[in-house]
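Reading the structure
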Amino acid sequence: MSTYLKEQRKVTTHRLFEMKQRGEKIAMLTAYDYSMARLIDDAGMDVILVGDSASNVMAGNMTTLPITLDQMIYHAKSVIKGVKRALVVCDLPFGSYQGNSKEALASAIRIMKESHAEAVKMEGGSEIRESIERVLCAGIPVMGHLGLTPQSINKFGTYAVRAKEEAEAKKLIEDAKMLEDIGCFAIVLEKIPADLATKVAQMVSVPIIGIGAGGGVDGQVLVMHDMLGINKGFSPRFLRRYADLATVINDAVAHYIDDVKTCDFPNEKEQY
Ligand code: KIV
């Protein structure tokens, strides 16, 4: 368990707001299944994101676009069963909320009812304002997501740093203020200049969670497979690896294969 875990109380959207107010950083990580969610929650994580990055790291797709609402609900249902303390947020997948606000609400309601996740995350600013507002009106907490929004990768054409130019930075600031005004409880800022992210975090009262957005924000999020070194093919500058599980797993599996082939496993104590 983390040495920073002060209390076992359930994390709520309100507690995240209090953490920002007292300057306590928020730790957020993705999870997609029961067993890993249990380990991550036991370690003292504040927020667990059932990210649509499941499309990449669980399903092997190139982008987050193919994952469906049913698949996100399946992952979120599994995660929820392993979590006691962390706030569990589930991504609304591509195509489940951009069309119109009624569809957005229906998708968010399915996630809340069927998976028991506690909040949803939606990518985008003014373009999807109506959808976010309708979801919020139903009492469903929404986490915003600005900057590099992977569901729009085909529009961007690149995973490069966003909002380096003044016009895009200005729009991002306006969008962040708008998300705060309409009632989002937190905002993810992905892959933008650190100075801009710090400025946004100082301007709004809701927690700003960064990924590739520097240390001046209220919390950090990473994709679990990247930070544990399961997925070693992805090495952006912002990623810190805390383990080399690819090597650990590879060594263990190779050892098992050897033991089977050499008739070392099972031994007499490992049978009935
Ligand atoms: O899906 C995801 O993992 C995310 C994080 C990168 C914030 O949205």
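That block above? That's the structure.
Residues numbered from 1 in each chain as written. Predicted model: local features only at pLDDT ≥ 70, side-chain atom pairs only at ≥ 80, totals over all residues. Heavy atoms only, no water.

Observations concerning the overall build of the protein
Stated formally: For helices the rule is a DSSP run of H or I covering at least 4 residues; for strands it is a run of E covering at least 2, with both sets numbered from the N terminus onward. The globule rule used here is 2.2 Å times the number of residues to the 0.38 power, and the radius of gyration it is set against is calculated over C-alpha atoms. Any two residues having at least one pair of non-hydrogen atoms within 4.5 Å are treated as being in contact.
The secondary structure content of the protein amounts to eleven helices and eight strands. Its C-alpha atoms give the protein a radius of gyration of 20 Å, within 12% of the compact-globule value 19 Å for 272 residues. Here the C-alpha coordinates of the protein stretch approximately 65 × 40 × 40 Å along the principal axes. In the protein, the proportion of contacts linking residues at least 24 apart, taken out of those at least 6 apart, comes to 58%.

A few points about the site of the ligand
Operational definition: Throughout this document, a residue counts as near a molecule or strand when at least one of its heavy atoms sits within 4 Å of that molecule or strand. Counting of polar contacts relies on pairs of N or O atoms within 3.5 Å, with two restrictions inside protein: one atom must be capable of donating a hydrogen and the other of accepting it, and residues adjacent in sequence are counted only when both atoms are side-chain atoms. The residue classification treats Ala, Val, Leu, Ile, Met, Phe, Trp, Tyr, Cys and Pro as nonpolar and Asp, Glu, Lys and Arg as charged. All others, Gly included, are polar.
Near the ligand the following residues occur: T30, L49, G51, D52, S53, D91, K121, H145, E190, I211 and V223. One of the side-chain nitrogen or oxygen atoms of D52 is found 2.9 Å away from an oxygen atom of the ligand. S53 places a side-chain nitrogen or oxygen 2.5 Å from an oxygen atom of the ligand. Of the residues in the shell around the ligand, the class split is three nonpolar, four polar and four charged.

Re the sheet that holds strand β8 (residues 219-222)
The line we're drawing: We treat two strands as partners when DSSP finds at least two bridges between them. Whenever a helix is involved, its axis is fitted only over the stretch in contact; in every case the axis is a line through C-alpha atoms, and angles between N-to-C directions fall within 0 to 180 degrees.
Judged by pairing direction, the barrel is parallel, and its eight strands sit side by side in the order β1-β2-β3-β4-β5-β6-β7-β8 before closing back on the first. Neighbour-to-neighbour, the strand axes of this sheet turn through a mean angle of 25°, independent of strand direction. In the sheet, strand β1 (residues 26-30) pairs with strand β2 (residues 47-50) via three bridges, with the strands oriented parallel. Residue T30 lies in a different strand from β2, and its bridge partner there is L49.

Examining the pairing of β2
Quick note on the threshold: To sort residues, take the accessible area from a 1.4 Å probe on protein chains only and compare it with the maximum for the residue type: under 20% means buried, over 50% means exposed, and anything in between is partly exposed. If the strands point away from the viewer and the path from the first strand over the helix to the second runs clockwise, then the crossover is right-handed.
Neither face of β2 is exposed, since V47 and L49 on one face and I48 and V50 on the opposite face are all buried. Handedness of the crossover joining β1 and β2 through helix α2 (residues 34-42): right-handed. Sheet topology places β2 next to strand β3 (residues 87-91); four bridges connect them, and they run parallel. Counted as the bridge partner of L49 is V89 from β3.

Remarks on the side chain of H75
Considering the arrangement of structural elements, one finds H75 in helix α4 (residues 69-82). Take H75: its relative accessible area is 10%, and that puts it in the buried class.

Remarks on the pairing of strand β4 (residues 119-123)
For β4, the tally of buried residues reaches five of five residues, placing the bulk of the element in the interior. Side chains A119, K121 and E123 of β4 all project onto a buried face; the interleaved residues V120 and M122 project onto the opposite face, where all are buried too. Alignment of β4 against strand β5 (residues 142-147), held across four bridges, turns out to be parallel. Residue pairing in the sheet places K121 in a bridge with M143 of β5. Between the parallel pair β4 and β5, the chain is carried across by helix α6 (residues 129-137), and the sense of this crossover is right-handed.

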